Amino acid sequence: MCGRYTLTKTKEALSQAFSVDPDIEIEAQYNIAPTQMVIALLCNQNSKEREFKRLRWGLIPSWAKDPTIGAKLINARSETVAEKPAFRAAFLRRRCLIVADGFYEWKKQSGKKQPFYFCLEDKQAFGFAGLWEQWESPEGEEIASCTILTTKPNELVESLHDRMPVILEKQDYNLWLDPQVQTPEPLQQILDPYPASSMIGYPVSTIVNNPKYNSPECIVQIS
């Protein structure tokens, strides 16, 4: 699964990585947790232009009676996402890139959970394969929310967990964000584990275990 990640890059770096100028404020986040507001790149359903938007992490299906279900839907399995009622409509019509530059996973060591940090070898920003939804309460409250797709782990992550987030290759961004693509087959083909040879991972401080900590210290390698 993916339950914690980072986004520490500047607006300029994101503009270069995704070829879209962010028109929202971006602050470094070293310990992003479920139900927090996150930054995603998506295709505006009205203008059809790509834009950065803030979404709540934890997808709330449009048919949900209340928003609490979102805390249970922070991830979606890529193998079954086209079939699950909570995700299938968004998979075909509301895909996004959840912007990140690293993620955490934990390993049980000596009776405690040791966090590890994973990022690309060049430490650049990337996009998780994500889905988004717009939910409205009977009282008219609107919440835009999202989920991160997961897949089987690559060789770097598999010693810690049996799942990892789907990091899309840059050449697949256009396909993933194209609103005209509404069949599962071409989308499923790009939801593979990111190559381990292009990633690095290392242990970090257990301060990451508490989502209240949000500082550069979270991603500093420890011995």
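Notes on the structure follow. Computed from a prediction, not measured in an experiment: that's the story for all the values here.

## Structural notes on the overall build of the chain
Then comes step 1: Counting its regular elements, the chain contains four helices and twelve strands.
Then comes step 2: The C-alpha radius of gyration computed for the chain amounts to 17 Å, which stays within 12% of the reference 17 Å derived for 223 residues, consistent with globular compactness.
Then comes step 3: By principal-axis analysis of the C-alpha atoms, the chain measures approximately 50 × 35 × 35 Å.
Then comes step 4: Within the chain, the proportion of its 223 residues that are buried is 51%.
Then comes step 5: Taking contacts inside the chain between residues at least 6 apart in sequence as the whole, the part at least 24 apart equals 67%.
Then comes step 6: Looking at the chain as shown, the accessible area adds up to about 11,000 Å², and 47% of this sits on carbon and sulfur atoms.
Then comes step 7: Between the averaged position of the 25 positive side-chain charges in the chain and that of its 28 negative side-chain charges there is a distance of 6 Å.

## Some thoughts on the environment of Phe103
Then comes step 1: Here Phe103 is to be found in strand β7 (residues 102-109).
Then comes step 2: Taking the C-alpha atoms as reference, Phe103 lies 6.7 Å from Cys119; in sequence the two are 16 residues apart.
Then comes step 3: In this structure, Phe103 is in contact with Cys2, Arg4, Tyr5, Phe116, Tyr117, Phe118, Phe128, Val157, Met164, Pro165, Ile167 and Met199, ignoring residues within four places of it in sequence.

## Some words on the pattern of salt bridges
Then comes step 1: Counted under the stated rule, the structure contains three salt bridges.
Then comes step 2: Of the charged contacts in the structure, one is a salt bridge between Lys9 and Asp101, with a shortest N-O distance of 3.1 Å. One end of the pair, Lys9, is in the loop between β1 (5-7) and α1 (11-18); the other, Asp101, is in the loop between β6 (95-100) and β7, and 92 residues separate them in sequence.
Then comes step 3: Given a relative accessible area of 2%, Asp101 falls into the buried group.
Then comes step 4: Residue Arg163 is joined to Glu79 by a salt bridge in which the shortest nitrogen-to-oxygen separation is 2.9 Å.

## A word on the pairing of strand β4 (residues 50-57)
Then comes step 1: Examined bridge by bridge, strand β3 (residues 37-43) and β4 share seven bridges and lie antiparallel to one another. If you follow Leu41 over to β4, its bridge partner there is Phe52.
Then comes step 2: Between the antiparallel neighbours β3 and β4 lie six residues, among them Lys48 with a positive phi of about 65°.
Then comes step 3: Two elements, β4 and strand β10 (residues 142-151), share two bridges in a ladder whose sense is parallel. When the sheet's bridge partners are listed, Trp57 is paired in β10 with Cys146.

Thresholds applied
- Residues numbered from 1 in each chain as written.
- Predicted model: local features only at pLDDT ≥ 70, side-chain atom pairs only at ≥ 80, totals over all residues.
- Heavy atoms only, no water.
- Helix = DSSP H or I, 4+ residues; strand = E, 2+ residues; numbered from the N terminus.
- Rg over C-alpha atoms; globule rule 2.2 N^0.38 Å.
- Buried < 20%, exposed > 50% of the residue type's maximum accessible area, 1.4 Å probe, protein only.
- Contact = heavy atoms within 4.5 Å.
- Areas by Shrake-Rupley, 256 points an atom, 1.4 Å probe, with all protein chains shown as cover.
- Lys, Arg positive; Asp, Glu negative; His and termini not counted.
- Charge placed at Lys NZ, Arg CZ, Asp CG, Glu CD.
- Salt bridge = Lys/Arg side-chain N within 4 Å of Asp/Glu carboxyl O.
- Pairing = 2+ DSSP bridges.

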